[in-house]
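Analysis of the macromolecular model
In case you want the letters, here they are:
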2 protein chains.
Amino acid sequence: MRAASTGFAWLLPLVGQIALAQSAPAQDAPAEPAPAVEAFKPASSNQGGKEYPQVNSEGRARFRIVAPEARSVRVPEWGGIDLTKGEDGAWVGTTRPLDEGFHYYRINIDGADVPDPGSKPFYGAGRWGSAIEIPAEDQDFYAVEDVPHGQLREVLYHSESTDATRRCFVYTPPGYDEDTSKRYPVLYLQHGAFEDETGWGNQGRANLIMDNLIAAGESKPFIIVMDNGGNNFAGGPRRGAPPAPGGAGGRPPGRPRFDFSGFAKIMTDELIPFIDAHFRTIADQPHRAMAGLSMGGAQTRQITLANLDTFSHIGLFSGGSIAADDPALADPEAFKEKVEVLFVSYGSRENTAAAKANHEALEAAGIVNTYYESPNTAHEWQTWRRSLYRFAPLLFRD
Amino acid sequence: MRAASTGFAWLLPLVGQIALAQSAPAQDAPAEPAPAVEAFKPASSNQGGKEYPQVNSEGRARFRIVAPEARSVRVPEWGGIDLTKGEDGAWVGTTRPLDEGFHYYRINIDGADVPDPGSKPFYGAGRWGSAIEIPAEDQDFYAVEDVPHGQLREVLYHSESTDATRRCFVYTPPGYDEDTSKRYPVLYLQHGAFEDETGWGNQGRANLIMDNLIAAGESKPFIIVMDNGGNNFAGGPRRGAPPAPGGAGGRPPGRPRFDFSGFAKIMTDELIPFIDAHFRTIADQPHRAMAGLSMGGAQTRQITLANLDTFSHIGLFSGGSIAADDPALADPEAFKEKVEVLFVSYGSRENTAAAKANHEALEAAGIVNTYYESPNTAHEWQTWRRSLYRFAPLLFRD
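Everything in this summary refers to the structure shown in the same document.

Criteria and thresholds
Residues numbered from 1 in each chain as written. Chains lettered and ligands numbered in written order. Predicted model: local features only at pLDDT ≥ 70, side-chain atom pairs only at ≥ 80, totals over all residues. Heavy atoms only, no water. Contact = heavy atoms within 4.5 Å. Salt bridge = Lys/Arg side-chain N within 4 Å of Asp/Glu carboxyl O. Helix = DSSP H or I, 4+ residues; strand = E, 2+ residues; numbered from the N terminus. Nonpolar A, V, L, I, M, F, W, Y, C, P; charged D, E, K, R; others polar. Buried < 20%, exposed > 50% of the residue type's maximum accessible area, 1.4 Å probe, protein only. Pairing = 2+ DSSP bridges. Least-squares fit on C-alpha atoms with pLDDT ≥ 70 in both. Axes fitted to C-alpha atoms, helices over the stretch in contact; angles between N-to-C directions. Left-handed = near helix turned anticlockwise from the far one by under 90°. Right-handed = clockwise from strand over helix to strand, strands pointing away.

1. Here we look at the interface of chain A and chain B
In this assembly, 41 residues from chain A lie in contact with 42 residues from chain B. On the surface where chain A and chain B come into contact, there are two salt bridges. Among the ionic pairs, D177 of chain B bridges to R153 of chain A, the shortest N-O distance being 2.9 Å. Only β3 (61-66), β10 (112-114), β12 (127-134), β13 (151-159), α3 (206-215) and α4 (261-278) of chain A provide two or more residues apiece to the side of chain A that touches chain B. For the side of chain A that touches chain B, the element with the most residues is β13 of chain A, which contributes seven residues. The residue inventory of the side of chain A that touches chain B, partitioned by class, reads 20 nonpolar, 10 polar and 11 charged.

2. A closer look at helix α8 (residues 381-391) of chain A
Counting buried positions over the 11 residues of α8 of chain A gives nine, a clear majority of the element. Buried within α8 of chain A are the following residues: W381, Q382, T383, W384, R385, R386, S387, L388 and F391 of chain A.

3. Let's talk about the sheet that holds strand β2 (residues 54-55) of chain B
Residues and elements named next belong to chain B. Spatially, five strands are ordered β1-β2-β3-β7-β6 in an open sheet, and the strand pairing comes out antiparallel. Each edge of the sheet is formed by a strand with only one pairing partner; in this case those strands are β1 (41-42) and β6 (84-85). Alignment of β2 against strand β3 (residues 61-66), held across two bridges, turns out to be antiparallel. Residue V55 lies in a different strand from β3, and its bridge partner there is A61.

4. What to know about the relation of the copies chain A and chain B
For the match of chain A to chain B, the screw axis carries a shift of 0.0 Å, the RMSD comes to 0.0 Å, and the turn is 180°. Taken together, the rotation and translation describe the operation of a two-fold axis. Taking C-alpha positions as the reference, the residue of chain A nearest the rotation axis is R153 of chain A, at 2.1 Å.

5. Some remarks on unusual backbone geometry
Cis peptide bonds are those with omega within 30 degrees of zero, and the linkage from Y52 of chain A to P53 of chain A qualifies with 0°. The residue N376 of chain A is not glycine, and still its phi comes out positive at about 60°. For N376 of chain A, the position within the fold is in the loop between β20 (370-374) and α8. Unlike most non-glycine residues, S294 of chain B shows phi in positive territory, near 55°. Tracing the backbone through its elements, the reader meets S294 of chain B in the loop between β17 (288-293) and α5 (295-305). By relative accessible area, which is 2% here, S294 of chain B ends up buried.

6. Considerations on the packing of α4 of chain A against helix α5 (residues 295-305) of chain A
All names here are of chain A. The interhelical angle for the contact between α4 and α5, taken along N-to-C directions, is 60°, at an axis separation of 10 Å. For the pair α4 and α5, the sense of crossing is right-handed. Contacts from S261, F263, A264, M267 and T268 of α4 reach α5 at Q299, Q302 and I303. In the contact of α4 with α5, the residues fall into four nonpolar, four polar and no charged.

7. With respect to the pairing of strand β15 (residues 186-190) of chain B
Residues and elements named next belong to chain B. Summarising burial for β15: five of the five residues are buried, a large majority. Alternating residues of β15 divide into V186, Y188 and Q190 and L187 and L189, and every residue in both groups is buried. Pairing geometry for β15 and strand β16 (residues 223-226), over three bridges, is parallel. Within β16, the residue paired with V186 across the bridge is I223. Following the backbone out of β15, through helix α3 (residues 206-215) and into the adjacent parallel β16, one traces a crossover that is right-handed. Sheet topology places β15 next to β17; five bridges connect them, and they run parallel. Paired with V186 across the bridge in β17 is R288.

8. Comments concerning the sheet that holds strand β9 (residues 107-109) of chain A
Working definition: the strands of a sheet are paired by backbone hydrogen bonds and lie parallel or antiparallel to each other. Taken together, the four strands give an open sheet; going across it, the order is β5-β4-β9-β10 (chain A), and neighbouring strands pair in antiparallel fashion. Two strands close off the open sheet at either side, each with one partner strand: β5 (81-82) and β10 of chain A.

9. Here's the deal with the pairing of β13 of chain A
Across the nine residues of β13 of chain A, eight count as buried, placing the element largely inside the fold. Across nine bridges, β13 of chain A lies against strand β14 (residues 164-172) of chain A in antiparallel orientation. From the neighbouring strand, H158 of chain A faces β14 of chain A, where its bridge partner is T165 of chain A. Where β13 of chain A hands over to β14 of chain A, the hairpin turn is made up of four residues, of which D163 of chain A adopts a positive phi near 50°. In this structure, β13 of chain A lies alongside strand β13 (residues 151-159) of chain B, joined through three bridges in antiparallel fashion.

Structure follows, in structure tokens:
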């Protein structure tokens, strides 16, 4: 039996928001008020000098919004947190303990969804908005350490197919500018739906993860290119119209469920040639990887499997897996020769059944592949930070 | 008579906000409602896909906030715009015609100051918040054009004096990575008070201004370094305690009114050596410039005049000027030999009397210097974009 190989997981954040917006807050709110008032500290995701939101050692988040004339102030996430107004005109509310890592959220003031003025801005859920960082036990791997740092470069390039100037971010590893005779492999690394090319550098902390891995000698230095994969896809569901769950339906055989052909063309015909022309890459298949999270994983799956002469390393983070009877595996020996690394990951709180089944089926078929499950995380950035941290050391080991 | 050489202009945005917050909105609001309803278009500073805020050909801004349960929605800027609630639960309000260029603003919902969810985030006024771009007649000079683009690089470095990892942004001109034998002059370019190192790249559009100037052959290519000048300064007024206007008071002779010594030490002892070690600079005084806006101009004035063996080109944008009897000019011939370019600019809506007087007094003393006045702009980014656009072509002409 073939397990579903490409899911709709990248729609989950959106569907979740719609569901939350429609839910009755009183019923879904935490069952009891937070008991721990001590040890709340400003979140590391706050703007400089901002005391709120705060987090404590249990992983609870506490919000505070000064809105003296408001009728109601809520945080719609996590079932809906109703903030309570104090004597000072400030509204305060506390969540249940949250998963470690990074969570998007909003403030709703009298029906208006707005960013929290205490949070730094992050692009996700289709807008520049707020997020809170819950300290994680393993947070050192993405911390700013006193190690040699690479650069995160904002790069503009012209796209013929869209007749537009596009923006990508390029991570160059420490030392890139020092030895200008050295050339590097490249990882193309994609964000999820309703996110953009800023995601991996801001909330993903990809540059810090790589700086730390390289300083520890755990990863080869390589270039990372983060482009905008778009938030629309032809032939598939659009915002506001989620698909029916499961089932391939009446899709013609061989036609991909989602058509990322516009982005695929940019990637193969424009972005890769631009990067190879403007950075000191090793411009061949053995030294080119692609990975992505959620929708970016689905794009990675589709683009790499259709271009195995271009890519040799594949990473799917919460973005589907590859079934043993996938047409790309019709000639297993050819696949094994071309694909150096196949890495699939999910958070433990996601539906991982298909990915695990496919991992085992591939192993049984003699196709070496890696499955990683991030403990106690969902379809969120902590899963994807951990995925990059485990994927990168596998790359370009010659 | 000596005209005041270093003003408090960088406090104006803050003082203005305090004043506006205390003013009665009804009295200060525009005298009449905006008549022009046609031709409003989404502002170019909006997030992708956001229809509001909008601007029209008169330079009016129109805001729309969905807040069905709110009691009042206001934009505190421009004297205070009271938005009016429509049948659909959305609040709408329109400004008087605004100056061309870029303006910070906030939304106030029932007493809560929050970002407008329609605007991209920009750091200014001490927070990540909203801004609106009013189309300008000369906007092509900072537009995204199909020309060769430089890169805007996020760079981390270790600072010994503060025992911290600091961040700066570095613009490298088009072609920097192609001919790795070529070396470049450097401009150190500073933001204003309550802004940070992101200002010149985001709202200042320094990279686009340089790309366009270089493509037109109007500027030499050079590196630009944008660091964080801090928002506090020893020995001077602090937030919430504006100084008495004018007058040097009881300041001991020779002691600078504002002490930027912490940042000056970072600049001369840490940042410049780091940049010279990690970028292909021409690491000498003739090929090093410094400029800044508002507080950054005051820092530029203080740091360059104290280090004329380090800097040869000086740009003060709405950030003071240099009087003919300044101690740095005690030996005019030495000053003329060391200072290749002295450029002072203001917006025409600022108090320009001292700068003009100083410009003329220096010219009379035989010290060639440039004074530029941005037409119909105030202490805002359009003044500083135009200043960079006119300053850059004067630099490093050999």
